[in-house]
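Chain and residue survey
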Amino acid sequence: MIPGARLIILGRQGAGKGTQCVRLSRHFVVPHISTGDMLRASVREGSELGRMAKKVMDSGGLVGDDIMVGIVEERLNHGDARTRGYILDGFPRTVPQAIALDDITTERPIHCVIDLDVPREMVLRRISSRRVCRDCGTNYVAADTEKHQWICEVCGGEVLQRDDDTPEAINRRLDLYEEQTSPLIEHYGADGRLVVVDGVASPDLVFLRLIAAVEAARRPG
Ligand code: ADP
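As a starting point, this report considers the structure included with it. Along each chain, residue indices are assigned from 1 in the same order as the chain's sequence is written. Two thresholds apply to this predicted model, a pLDDT of at least 70 for residue-level local features and 80 or more for giving and counting side-chain atom pairs, whereas whole-chain, interface and lining totals are computed over all residues. Computation of side-chain values: all heavy atoms of the structure, hydrogens and water removed.

Bringing helix H1 (residues 17-28) into the picture now. Quick reminder: α-helices carry 3.6 residues per turn. Residues three or four places apart thus point the same way. Secondary structure is summarised from DSSP: a helix means a run of H or I of at least four residues, a strand means a run of E of at least two, and numbering begins at the N terminus for each. Expected helix span is given by 1.5 Å per residue-to-residue step, counting one fewer step than there are residues. In this model H1 runs 16 Å from its N-terminal to its C-terminal C-alpha over 12 residues, within 8% of the 16 Å that 1.5 Å per residue would give. Residues of H1 that are buried: Lys17, Gln20, Cys21, Leu24, Ser25 and Phe28. Looking straight down H1, one finds its buried side chains confined to an arc of 140 degrees; they lie on one side. Buried-residue contacts for H1 involve strand S1 (5-11), strand S2 (32-34), helix H5 (79-84), strand S3 (85-89), strand S4 (112-117) and helix H10 (203-218). The positive-phi residue at the C-terminal boundary of H1 is Val29, with phi of around 55 degrees. Partly exposed describes any residue whose relative accessible area lies between the buried limit of under 20% and the exposed limit of over 50%, with all areas from a 1.4 Å probe on protein chains only and scaled to the type maximum. Note: the arc covers the axis-to-C-beta directions of the helix. Contacts between residues were defined by any pair of non-hydrogen atoms, one from each residue, lying within 4.5 Å.

What follows concerns the packing of aromatic side chains. The criterion for an aromatic pair is that two Phe, Tyr or Trp rings (for Trp, the six-membered ring) have centres within 6.5 Å, with stacked assigned to planes under 30 degrees apart, edge-to-face to planes over 60 apart and tilted to the rest. Overall, the coordinates contain 1 aromatic pair when judged by the stated rule. Ring centres 5.9 Å apart and planes at 70 degrees place the aromatic pair Tyr140 and Trp150 in the edge-to-face group. Remark: Trp150 occurs in strand S7 (residues 150-151) and Tyr140 occurs in strand S6 (residues 139-141); sequence separation between them is 10 residues. In this structure Tyr140 comes out as buried when scored by relative accessible area, which is 16%. In our convention, an over-ring charge means Lys NZ or Arg CZ found within 6 Å of a ring centre and within 35 degrees of that ring's normal. Just above the ring of Phe207 sits the side chain of Arg23; from NZ or CZ to the centre is 4.3 Å.

Attention now goes to the nonpolar core. Considering soluble globular proteins, one finds that nonpolar side chains tend to be buried as a cluster. Core analysis: the largest hydrophobic core is formed by 24 residues, its most contacted members being Leu24, Ile87, Ile114 and Leu210. Those elements that provide at least two residues to this core are S1, H1, S4, helix H7 (120-128), helix H8 (167-181) and H10. No other element matches H10, which puts 6 residues into this core. Ignoring sequence-local partners within four residues, the contact set of Ile87 consists of Leu7, Ile9, Cys21, Leu24, Ser25, Val30, Pro31, His32 and Ile33. Here, the term nonpolar core denotes a set of buried Ala, Val, Leu, Ile, Met, Phe, Trp, Tyr and Cys residues that are joined through side-chain atoms within 4.5 Å. The next biggest cluster of nonpolar side chains, apart from the first, holds 23 residues, and it includes Met57, Val63, Ala98 and Ala100.

Quick look at the layout of surface pockets now. For each structure, a 1 Å grid was placed over the protein atoms alone; sets of points admitting a 1.4 Å probe that cannot get out are labelled cavities, open sets with protein on both sides within 12 Å along at least five of seven lines are labelled pockets, and lining residues have an atom within 4 Å of a point. Grid points are joined across faces, edges and corners, and a volume is the space filled by probe spheres set on the points. What the second largest pocket holds in volume is close to 450 Å³. Arg40, Arg44, Arg134, Arg162 and Asp163 are the residues nearest the centre of the second largest pocket, which is lined by 19 residues in total. Secondary-structure elements contributing two or more residues to the lining of the second largest pocket are helix H2 (35-45), helix H3 (48-58) and strand S5 (130-133). The element contributing the most residues to the lining of the second largest pocket is H2, with 5 residues. Among the residues making up the lining of the second largest pocket, the classes are represented as 7 nonpolar, 2 polar and 10 charged. For this scheme, ten residues count as nonpolar: Ala, Val, Leu, Ile, Met, Phe, Trp, Tyr, Cys and Pro. Four count as charged, namely Asp, Glu, Lys and Arg, and the remainder, Gly too, count as polar.

Every axis in this analysis is a line fitted to C-alpha atoms, fitted for helices over the stretch in contact. Angles between the N-to-C directions lie between 0 and 180 degrees. Contact geometry for H2 and helix H4 (residues 65-76): axes closest at 11 Å, N-to-C directions at 100 degrees. Regarding the angle of H2 to H4, the classification is roughly perpendicular. For the pair formed by H2 and H4, the contact residues are Thr35, Met38 and Leu39 on the first element and Met68, Ile71, Val72 and Arg75 on the second. Partitioning the contact of H2 with H4 into residue classes produces 5 nonpolar, 1 polar and 1 charged. Should an angle fall under 35 degrees it is called roughly parallel, over 145 degrees roughly antiparallel, and 65 to 115 degrees roughly perpendicular, with every other angle called oblique.

Here a residue is near a molecule or strand as soon as one of its heavy atoms is found within 4 Å of it. Thr35, Gly61, Gly90, Arg93 and Arg173 are the nearest of the 19 residues found near the ligand. Polar contacts, as counted here, are pairs of nitrogen or oxygen atoms within 3.5 Å of one another; within protein the pair requires one atom able to donate a hydrogen and one able to accept it, and residues that are adjacent in sequence qualify only if both atoms are side-chain atoms. One of the side-chain nitrogen or oxygen atoms of Arg93 is found 2.8 Å away from an oxygen atom of the ligand. Taking Arg130, its side chain carries an N or O atom lying 3.1 Å from an oxygen atom of the ligand. For the area figures, the Shrake-Rupley method with a 1.4 Å probe applies, and any residue is considered shielded solely by the protein chains shown. With the chains in place, 97% of the 540 Å² that the ligand exposes on its own is no longer accessible. If you tally residues by element for the shell around the ligand, the top one is H2, at 4 residues.

Take a look at the structure:
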């Protein structure tokens, strides 16, 4: 267990980031903060933010930086994140978000930024067969691309294909990743906090690589 670890996991859509973050959060007993999950919760609640975010998400676009920074800043001030640390998943996604995060975290800086690396050609197929529990976010893989409806093994929620997992929206998200998110690799690489983890392997092996990367980053000296 690593008390107070503050981590960012970067990576393309479909790299297995969400599932690995859930596992890491259980392993290290730190909260998993997923901006995508937070926005989807707002969509379900039908709040004003949710209505706005749904349009942007369904088209594969990005919600505005100021809104996202506000949501994350508020969440990082909760007691659990202040004392236990956190795993940020889906944030930052643009250089302005990363700069704002540096400002928010000057007193308690991020220890380690992991880029879970899976090439673009490999993630496209994975996303089209992805199914997600709408309640707890557990990911499943469909045997084919039909819209089966399942019940989640973890919480009994409905397992569906995400509205933004259409081929058009996926391609737009991947383009935006190259344009807006991949520059973060340089941003964090410059100050030595970046670790690249090869995400092309079985989920269990990738998980072991991630644990090793976090432990190496948190070892004193
Ligand atoms: P994926 O990694 O498959 O794109 P996420 O669950 O991380 O999925 O995010 C879903 C959608 O939520 C994104 O496509 C985007 O519209 C919005 N979103 C999530 N996080 C951010 C962020 N940090 N900045 C802007 N938009 C975001």
